[in-house]
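Structural features, examined
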Amino acid sequence: MMWWPTLLMPRTTRYIRNTTIPNYNAVGTCQMRPRKDGGVVDSRLRVFGVDGLRIVDGSIMPIIPDAGIQVSFG
C-alpha cells in the first residue's frame, strides 16, 4: 500500500498549506554593482557613501543561487 496518496486528501492539503512557513534566502539586498546601476557595495565590499563599513555576507550576491546559500558558500 502506498502512503503518498494520503497527502492529496483535502484535509491534509489544507493543513499543510495553513501550517507551512516558507524559508527564503535573503540574498541580493546589498548588491555588488556599480553605484549608477543601483549597487550598494563596490568590488572591495565597501558600502557606497559610508566610510569604514563593509558587507561580507550573502546579501552582496547580485543573483540568487539555485541552491541554499549555505551550500553555495560551502
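Residues numbered from 1 in each chain as written. Predicted model: local features only at pLDDT ≥ 70, side-chain atom pairs only at ≥ 80, totals over all residues. Heavy atoms only, no water.

A word on the environment of L53
Note that L53 resides in the loop between α1 (10-19) and α2 (69-73). The spacing of L53 and V41 is 12 residues in sequence and 9.6 Å in space, taken between C-alpha atoms. Ignoring anything within four residues of it in the chain, the contact list for L53 reads L45, R46 and V47. (Helix = DSSP H or I, 4+ residues; strand = E, 2+ residues; numbered from the N terminus. Contact = heavy atoms within 4.5 Å.)

Considering the side chain of S59
Structurally, the position occupied by S59 is in the loop between α1 and α2. Engagement of the side chain of S59 in a polar contact is seen with the side chain of D57, the distance being 2.5 Å. (Polar contact = N/O pair within 3.5 Å; in protein donor to acceptor, adjacent residues only side chain to side chain.)

Some words on the nonpolar core
Core analysis: the biggest nonpolar cluster contains six residues, these being C30, V41, L45, V47, I55 and I60. Apart from the residues within four sequence positions on either side, C30 is in contact with V40, V41, I55, S59 and I60. (Core = buried A, V, L, I, M, F, W, Y, C linked by side-chain atoms within 4.5 Å. Buried < 20%, exposed > 50% of the residue type's maximum accessible area, 1.4 Å probe, protein only.)

A closer look at the pattern of salt bridges
Two side chains with opposite charge may pair up if their charged atoms get near one another. Counting across every chain of the model gives one salt bridge. Residue R46 pairs with D42 through a salt bridge whose shortest N-O separation is 2.8 Å. Given a relative accessible area of 38%, R46 falls into the partly exposed group. We classify D42 as buried; its relative accessible area is 16%. (Salt bridge = Lys/Arg side-chain N within 4 Å of Asp/Glu carboxyl O.)

A short note on unusual backbone geometry
In this structure, L45 takes a positive phi of about 70° despite not being glycine. By the element assignment, L45 lies in the loop between α1 and α2.

Topic: the environment of M32
If you trace the backbone, M32 turns up in the loop between α1 and α2. Exposure remark for M32: the relative accessible area of 31% places this residue in the partly exposed category. Taking C-alpha positions, M32 is 5.2 Å from I60, a pair spaced 28 residues apart along the chain. If near-sequence neighbours (up to four positions away) are discounted, M32 is found in contact with V41, D42, S43, L45 and I60.

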